[in-house]
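Per-entry structural report
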4 protein chains.
Amino acid sequence: MQGRLGRRAVLGGFVAALFARRARAQTSPASAGPVDPSLVDDLVAANRILADQGVVDGYGHVSVRHPADPQRYLMSRSIAPELVTAADVMEYDLDSTAVDPRGRTSYLERFIHGEIYRARPDVKAVVHNHSPSVIPFGVSTVPLRPLYHMSAFLWPGVPVFEIRNAGGPATDMLIRDAALGQALARSLGAGPVVLMRGHGAVAVGGSLPEVVFRGVYTEVNARLQAQAMALGGTVTYLDPEEAKRAQASIAGTIGRPWELWKKKALAR
Amino acid sequence: MQGRLGRRAVLGGFVAALFARRARAQTSPASAGPVDPSLVDDLVAANRILADQGVVDGYGHVSVRHPADPQRYLMSRSIAPELVTAADVMEYDLDSTAVDPRGRTSYLERFIHGEIYRARPDVKAVVHNHSPSVIPFGVSTVPLRPLYHMSAFLWPGVPVFEIRNAGGPATDMLIRDAALGQALARSLGAGPVVLMRGHGAVAVGGSLPEVVFRGVYTEVNARLQAQAMALGGTVTYLDPEEAKRAQASIAGTIGRPWELWKKKALAR
Amino acid sequence: MQGRLGRRAVLGGFVAALFARRARAQTSPASAGPVDPSLVDDLVAANRILADQGVVDGYGHVSVRHPADPQRYLMSRSIAPELVTAADVMEYDLDSTAVDPRGRTSYLERFIHGEIYRARPDVKAVVHNHSPSVIPFGVSTVPLRPLYHMSAFLWPGVPVFEIRNAGGPATDMLIRDAALGQALARSLGAGPVVLMRGHGAVAVGGSLPEVVFRGVYTEVNARLQAQAMALGGTVTYLDPEEAKRAQASIAGTIGRPWELWKKKALAR
Amino acid sequence: MQGRLGRRAVLGGFVAALFARRARAQTSPASAGPVDPSLVDDLVAANRILADQGVVDGYGHVSVRHPADPQRYLMSRSIAPELVTAADVMEYDLDSTAVDPRGRTSYLERFIHGEIYRARPDVKAVVHNHSPSVIPFGVSTVPLRPLYHMSAFLWPGVPVFEIRNAGGPATDMLIRDAALGQALARSLGAGPVVLMRGHGAVAVGGSLPEVVFRGVYTEVNARLQAQAMALGGTVTYLDPEEAKRAQASIAGTIGRPWELWKKKALAR
């Protein structure tokens, strides 16, 4: 009896291990393959720049879509952006499941990234941050509007995501699953930036330099708008037509601050 | 005559020294024993982080309860927090009497710490600071309220301690004795933070990383709230239920900024 | 046939090259000759100081008129001011055509400089910037006015350039040609500073130290004015007569901050 | 003839030199003798601290009364405070005439110091600065009032000096002579600080650490007061009685920030 039970137990263990392996094979997505190291370097730089420019503090994250497979994206493990190195970069599928975690912890809110990449094929990079001047606009009935040509990309308008509408009256404020990520992506729509009430913001872009630029100049515009409103006069915002043209012209120049920011951030 | 007077003086000195030794033996409490050096390192780090993050300037102090004896706590001698090293750390009983002063000066307001540890067995660490954005809320009829998920721990409300009520119309504004410390602890109640009118604030927590986190994000919330109110629209604050859940979720992540802050503060 | 066509093609290419050379000879202006290296050093210092003092970020530019020929000016190639070195300095004529580009890219908005030098023989140096506190005044109906003796040079008043008036309802907000540069110069008039709606500002001066001083203290005055207005009382501005005298006295002291700023900026 | 004229000329030159020496002896005051080098070090430190703490920029000055002679004071030559070294320190009499200029330029506004030392025997150190948050209170009808215990020393009130009352409607805003210095000293009265409309402020104290402390915490109080007023509620200021007691208690602690500030400022 013992022998048979023993054999059964061994067999049971073996079968369980097989199933576990299969289950893992099902849930761990395949890698889309290695990327050019310069892209990883740019992702590391983006993390450091966002910290250096005050767009992220100990929290916040930035990702880039995999250049070889639109169903994959790259993002650091759960660590403060200022401390990110190439070894921290992980690959995710659009369900935000890590390809090869090797014990590394993922950001709880990675669904922000996966669901936006799924909903917006044009988006190649995503930043989530708590930058200080945008949070007041996220809790106020006063909308954030572009008044500065560097922030012209905000011309489609900046919606505010109210998590109570998507997740009920008492969430923990975090985008902790795919459903909340999808709701956030719907709120973003076709735009460049969405604010998150009581939380922060998400900016999207066609490249890492562009999304970093947008994170920085969304913060700058929020600060400038608050100051302009405080003066008490009438404020002139950018007209959508001039904003579109300004955005197009300035898009060709963002390598200039990117090179500066990179040099400064990596020198620290 | 001279000889007898001389002998009397010598004898008097000897007796006085004896009494002084006894008095010291009576008032100097016994030590609860040495603590793990890593706790002292964390206390030093907490001092430096609070300075680096702008929560304290030349003034302010942070303490931690002795892990082996809830009747004892550890805090630096009277020195600017940015300059604290392990050699400055002293042990106190809950009357805020130093165990082994060896000539080191104590913070005048150490009663803040002793009386809060006495009143709040759940509290393991205390910060007293004059952080710039909270002081305006301490002198205003406008209450400080959480509007940012990182500051969700403020959901129980932030009372303002009016020293005139406790110490009469003309104190020197300082918590210079046990009675004032007890009054402040009553004002704090079961909450995480109390403001002190015309003076500063106290934050409490279950560990050094938590209390540092609370010091930093109380300051951030105050700044954000002032900015949000200045926009002139209606401000949405955190609902208590969502705040409780946000606090619980975020409690699990505070190691992330702690590691960053520590690295930055100790590198200076 | 083939031979003749081939010869024609060769001949055509030769003639085209000749014309191109002539065209280049026509459009590339002659140099006014080398300048004292200390002037180039000062131009580099001016770029770095403006970045160090927060008057420019990744964008903005500063130029100086050629000392030997009022029809020429010197300015960096298109690069972030903080990164400028002597090798980046190029010479331009007043049409803002580069004398010797050698593949170096010019700032798109160089016409700001050329057209102001043309319109204002007294001007020896020009700064264009997006300094943070002046932008709100550029989008507000509230005028920027001097209230601080260091900013007394603003006494003639600070007009706001509305590009819609000069370039139609939907420009890209940039001074991208001579006509817009001329319109901006008309808006500046005989004054020291002009704001550009939704964009930034231009300051002019009689030397690099003076124009840097004006860039810095226009920013400071804007910040102080916003703060003074926010207090809610009545604000006393400088009277034009006292402002003129203050300007004259302070003009003799600007070497003092210039030396400090230079030392700090070049030490980075 | 030539010989006699030659001799006359020689004699004339000799007599002229004699008179010049006498004239210099009349106008150049005698030195009160050397001071302890540690006082000069503290004066240098005070200059650097004020720059490091943002109380002075390229302008501003700090002086200390000569310990051996109340009719003399020490102050740097005309240079940015951040650059001051011991070699820049000069001695002045209360007419603000330099004892031994040796070609060194004096601050134009040194009369601020001389006339305050003459009018206020209790004052041992004087700071003149343009610190950013106090200037708005100098141009506003809203008075600066202490609301923070560290700024309790402001309890006697902070008058605003209007130079138009003392110097007529069109001065150059500068305290460029003894008469204006005396008018400013009358405005200061027996108080700790006087604001100068459209210009800056003067703080006085019983020592260099005290006057530096006052410069720093006058700036801090101004910033906090502006923020508290902007919240829109009612603001509680320090009661004069509690302020007097707070000032007395805090006076005993200013060595703590002084040591910190000194260490930080001299490390740069």
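Residues numbered from 1 in each chain as written. Chains lettered and ligands numbered in written order. Predicted model: local features only at pLDDT ≥ 70, side-chain atom pairs only at ≥ 80, totals over all residues. Heavy atoms only, no water.

**A few points about the overall build of chain A**
When helices and strands are counted, chain A shows nine helices and seven strands. Here chain A, with 268 residues, has 56% of them falling under the buried criterion. Restricting the contact set of chain A to residue pairs at least 6 apart, pairs at least 24 apart contribute 68%. When the accessible surface of chain A is summed, it comes to about 10,900 Å², and 55% of that surface belongs to carbon and sulfur atoms. (Helix = DSSP H or I, 4+ residues; strand = E, 2+ residues; numbered from the N terminus. Buried < 20%, exposed > 50% of the residue type's maximum accessible area, 1.4 Å probe, protein only. Contact = heavy atoms within 4.5 Å. Areas by Shrake-Rupley, 256 points an atom, 1.4 Å probe, with all protein chains shown as cover.)

**Points about the interface of chain B and chain A**
With 30 residues of chain B in contact, the opposing surface of chain A contributes 32 residues. A combined buried area of about 2,700 Å² lies between chain B and chain A, and 60% of that area is made up of carbon and sulfur atoms. Interface area lost by chain B to chain A is led by Leu231(B), Glu242(B) and Arg256(B), which between them contribute 28%. Summed over the shared surface of chain B and chain A, the number is three salt bridges. (Buried area = accessible area lost by both parts, 1.4 Å probe. Salt bridge = Lys/Arg side-chain N within 4 Å of Asp/Glu carboxyl O.)

**Some details on helix α3 (residues 111-119) of chain D**
Side chains of residues three or four places apart in an α-helix project in the same direction, reflecting 3.6 residues per turn. All names here are of chain D. By the criterion of burial, α3 is predominantly enclosed, with seven of the nine residues buried. Buried within α3 are the following residues: Phe-111, Ile-112, His-113, Gly-114, Glu-115, Ile-116 and Tyr-117. On its buried face, α3 sits against β1 (61-65), β2 (72-76), β4 (125-129), α6 (178-188), β6 (193-196) and β7 (200-205).

**Quick word on the pattern of salt bridges**
Pairing between side chains becomes possible if they bear opposite charge and their charged atoms approach one another. Residues and elements named next belong to chain B. Tallying each qualifying case throughout the model produces 64 salt bridges over all chains. Notably, a salt bridge pairs Arg-214 with Glu-210, separated by 3.7 Å at the nearest N-O pair. Taken together, the positions of Arg-214 and Glu-210, both in helix α7 (residues 208-230) and four residues apart, correspond to about one turn of that helix.

**So, the relation of the copies chain B and chain A**
Of the transformation superimposing chain B on chain A, the axial component is 0.0 Å and the angular component is 90°, with the fit at an RMSD of 0.0 Å. Considering both components of the superposition, the chain copies are consistent with a four-fold axis. Minimal C-alpha distance to the rotation axis in chain B is attained by Ala230(B), lying at 5.1 Å. (Least-squares fit on C-alpha atoms with pLDDT ≥ 70 in both.)

**Let's talk about the side chain of Ser133(C)**
Note that Ser133(C) resides in the loop between β4 (125-129) and α4 (134-139). The class of Ser133(C) is buried, set by a relative accessible area of 10%. A polar side-chain atom of Ser133(C) sits 2.7 Å from a polar atom in the side chain of Glu219(C). Excluding its chain neighbours within four sequence positions, the residues that come into contact with Ser133(C) are Gln227(A), Glu219(C), Ala222(C) and Arg223(C). (Polar contact = N/O pair within 3.5 Å; in protein donor to acceptor, adjacent residues only side chain to side chain.)

**A word on the sheet that holds strand β7 (residues 200-205) of chain C**
All names here are of chain C. The seven strands lie next to each other as β3-β2-β1-β4-β7-β6-β5, forming an open sheet whose pairing is mixed. The open sheet has two edge strands with one neighbour each: β3 (89-93) and β5 (160-161). Two elements, strand β6 (residues 193-196) and β7, share four bridges in a ladder whose sense is antiparallel. Considered in β7, the bridge of Leu-195 is made with Ala-201. Docked against the sheet, helix α7 (residues 208-230) engages β1 (61-65), β4, β6 and β7, running at close to 145° with respect to β7. (Pairing = 2+ DSSP bridges. Axes fitted to C-alpha atoms, helices over the stretch in contact; angles between N-to-C directions.)

**Structural notes on the packing of α3(D) against α6(D)**
Residues and elements named next belong to chain D. Where α3 meets α6, the axes come as close as 8 Å, and the angle between the chain directions of the two elements is 55°. Judged by the angle between their axes, α3 and α6 are oblique. The chirality of how α3 crosses α6 is right-handed. Judged by residue contacts, Phe-111, Ile-112, Glu-115, Ile-116 and Ala-119 of α3 engage Ala-178, Gly-181, Gln-182, Leu-184, Ala-185 and Leu-188 from α6. (Parallel < 35°, antiparallel > 145°, perpendicular 65-115°, else oblique. Left-handed = near helix turned anticlockwise from the far one by under 90°.)

**Observations regarding the interface of chain B and chain D**
Listed by partner, the interface residues are 31 residues for chain B and 30 residues for chain D. It is Tyr59(B), Leu83(B) and Val139(B) in chain B that bury the most area against chain D; as a group they hold 23% of the surface buried on that side. The tally of links between chain B and chain D comes to three salt bridges. Notably, a salt bridge pairs Lys264(D) with Glu82(B), separated by 2.8 Å at the nearest N-O pair. Inspection of the chain B/chain D interface yields 15 residue pairs in polar contact (both at pLDDT 80 or more). For the side of chain B that touches chain D, the elements supplying multiple residues, two or more each, are α4 (134-139) and α7 of chain B. The dominant element in the side of chain B that touches chain D, judged by the number of residues it contributes, is α4(B), at four residues. Split by residue class, the side of chain B that touches chain D holds 17 nonpolar, eight polar and six charged. (Nonpolar A, V, L, I, M, F, W, Y, C, P; charged D, E, K, R; others polar.)

**Regarding the nonpolar core**
Core analysis: the largest hydrophobic core is formed by 348 residues, its most contacted members being Leu208(A), Tyr217(A), Tyr217(B), Tyr217(C), Leu208(D) and Tyr217(D). Apart from the residues within four sequence positions on either side, Tyr217(C) is in contact with Tyr148(C), Met150(C), Ser151(C), Phe153(C), Trp261(C), Asp57(D) and Tyr59(D). (Core = buried A, V, L, I, M, F, W, Y, C linked by side-chain atoms within 4.5 Å.)

**Observations concerning the sheet that holds strand β4 (residues 125-129) of chain B**
Residues and elements named next belong to chain B. Pairing within the open sheet is mixed, and its seven strands lie in the order β3-β2-β1-β4-β7-β6-β5. In this open sheet, the two strands that pair with only one neighbour each are β3 (89-93) and β5 (160-161). The sheet contact formed by strand β1 (residues 61-65) and strand β2 (residues 72-76) spans three bridges and is antiparallel. Residue Ser-63 lies in a different strand from β2, and its bridge partner there is Met-75. Against the sheet, α7 makes contact with β1, β4, β6 (193-196) and β7 (200-205), and its axis sits at roughly 145° relative to β7, the strand it touches most.

**Describing the pairing of strand β1 (residues 61-65) of chain A**
Residue and element names in this part refer to chain A. Across the five residues that make up β1, a large majority, five, are buried. Burial along β1 is two-sided: the residues His-61, Ser-63 and Arg-65 and Val-62 and Val-64 are all buried. Here β1 runs beside strand β4 (residues 125-129); their pairing, made up of four bridges, is antiparallel. Bridged to Ser-63 within β4 is Val-126. Where β1 hands over to strand β2 (residues 72-76), the hairpin turn is made up of six residues, counted between the paired strands.

**Concerning the packing of aromatic side chains**
All names here are of chain A. Taken as a whole and assessed by the stated rule, the structure comprises 24 aromatic pairs over all chains. Ring geometry for Tyr-217 against Trp-261: centres 6.2 Å apart, planes inclined by 40°, an arrangement best described as tilted. Residue Tyr-217 is found in helix α7 (residues 208-230), and its partner Trp-261 is found in helix α9 (residues 255-267); the two are separated by 44 residues along the sequence. An identical accessibility class is assigned to Tyr-217 and Trp-261; each is buried. (Phe/Tyr/Trp six-rings, centres within 6.5 Å; stacked < 30°, edge-to-face > 60°.)

**Notes on the pairing of β2(B)**
The two faces of a sheet get side chains in turn, since along a regular strand they alternate between them. For β2(B), the tally of buried residues reaches five of five residues, placing the bulk of the element in the interior. Along β2(B), one buried face is formed by Arg72(B), Leu74(B) and Ser76(B) and the opposite face, lined by Tyr73(B) and Met75(B), is buried too.

**Things to note about unusual backbone geometry**
Residue and element names in this part refer to chain A. Phi is positive for Ser-96, close to 65°, though the residue is something other than glycine. Within the secondary structure, Ser-96 sits in the loop between β3 (89-93) and α3 (111-119). Since its relative accessible area comes to 2%, Ser-96 is described here as buried. Its identity is not glycine, yet Arg-102 carries a phi of approximately 45°, on the positive side. Relative to the assigned elements, Arg-102 resides in the loop between β3 and α3.

**Some remarks on the confidence of the model for chain A**
Residues and elements named next belong to chain A. Counting all residues, the mean pLDDT for chain A is 92, and 90% of those residues have values of 70 or more. With pLDDT under 50 throughout, residues 1-25 is counted as low confidence; its partners more than four residues away or in other chains account for zero contacts. Complex prediction metrics read pTM 0.91 and ipTM 0.90. (pLDDT = per-residue confidence, 0-100.)

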